[in-house]
Amino acid sequence: MALTMFGIANCDTVKKARVWLEARGIAYTFHDYKKQGADPARIAGWVAQAGLDKVLNKAGTTFRKLDDAAKSDLDADKAVALMAEHTSTIKRPIVEYPGGLLVGFKDAEWAAALG
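This text gives an overview of the structure that appears in the document. (Residues numbered from 1 in each chain as written. Predicted model: local features only at pLDDT ≥ 70, side-chain atom pairs only at ≥ 80, totals over all residues. Heavy atoms only, no water.)

Brief notes about the overall build of the chain
- Of regular secondary structure, the chain possesses eight helices and four strands.
- The C-alpha radius of gyration computed for the chain amounts to 14 Å, which stays within 12% of the reference 13 Å derived for 115 residues, consistent with globular compactness.
- By principal-axis analysis of the C-alpha atoms, the chain measures approximately 45 × 25 × 25 Å.
- Evaluated residue by residue, the chain yields a buried proportion of 42% over its 115 residues.
- Counted over contacts in the chain with a minimum sequence separation of 6, partners at least 24 positions apart contribute 63%.
- Carbon and sulfur atoms provide 49% of the accessible area of the chain, an area that totals close to 6,200 Å².
- With 16 positive and 14 negative side-chain charges, the chain shows a separation of 7 Å between the mean positions of the two kinds. (Helix = DSSP H or I, 4+ residues; strand = E, 2+ residues; numbered from the N terminus. Rg over C-alpha atoms; globule rule 2.2 N^0.38 Å. Buried < 20%, exposed > 50% of the residue type's maximum accessible area, 1.4 Å probe, protein only. Contact = heavy atoms within 4.5 Å. Areas by Shrake-Rupley, 256 points an atom, 1.4 Å probe, with all protein chains shown as cover. Lys, Arg positive; Asp, Glu negative; His and termini not counted. Charge placed at Lys NZ, Arg CZ, Asp CG, Glu CD.)

Some remarks on the pairing of strand β1 (residues 4-7)
- Examined bridge by bridge, β1 and strand β2 (residues 29-32) share four bridges and lie parallel to one another. Bridge pairing in β2 links G7 to D32.
- Pairing geometry for β1 and strand β3 (residues 94-97), over three bridges, is antiparallel. Looking at the pairing, T4 lines up with E96 of β3. (Pairing = 2+ DSSP bridges.)

In structure tokens, the structure reads:
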């Protein structure tokens, strides 16, 4: 199974997800937003598949520190541009796998999707 995990290496949730995959012997490729950036077209695809509210991390410090103009009137296009520029505003981790997308880390959800 070809899996790609997107996130930030020092994020605690990403670390838990990586341990979860490794404990089950599931191979994956890791894409670090901080080092490799985030492709707006890919982010738009995630938003189309999972929904803006699931992909955009409004609870994080980075989003909360943005000025009100950046946070107001967020439609999908504006939010995608915001996430591409401020990668910490993307929910972590995001995993692309054959047949689906996982956003965030929930053990039961991952077990059901990945076995």
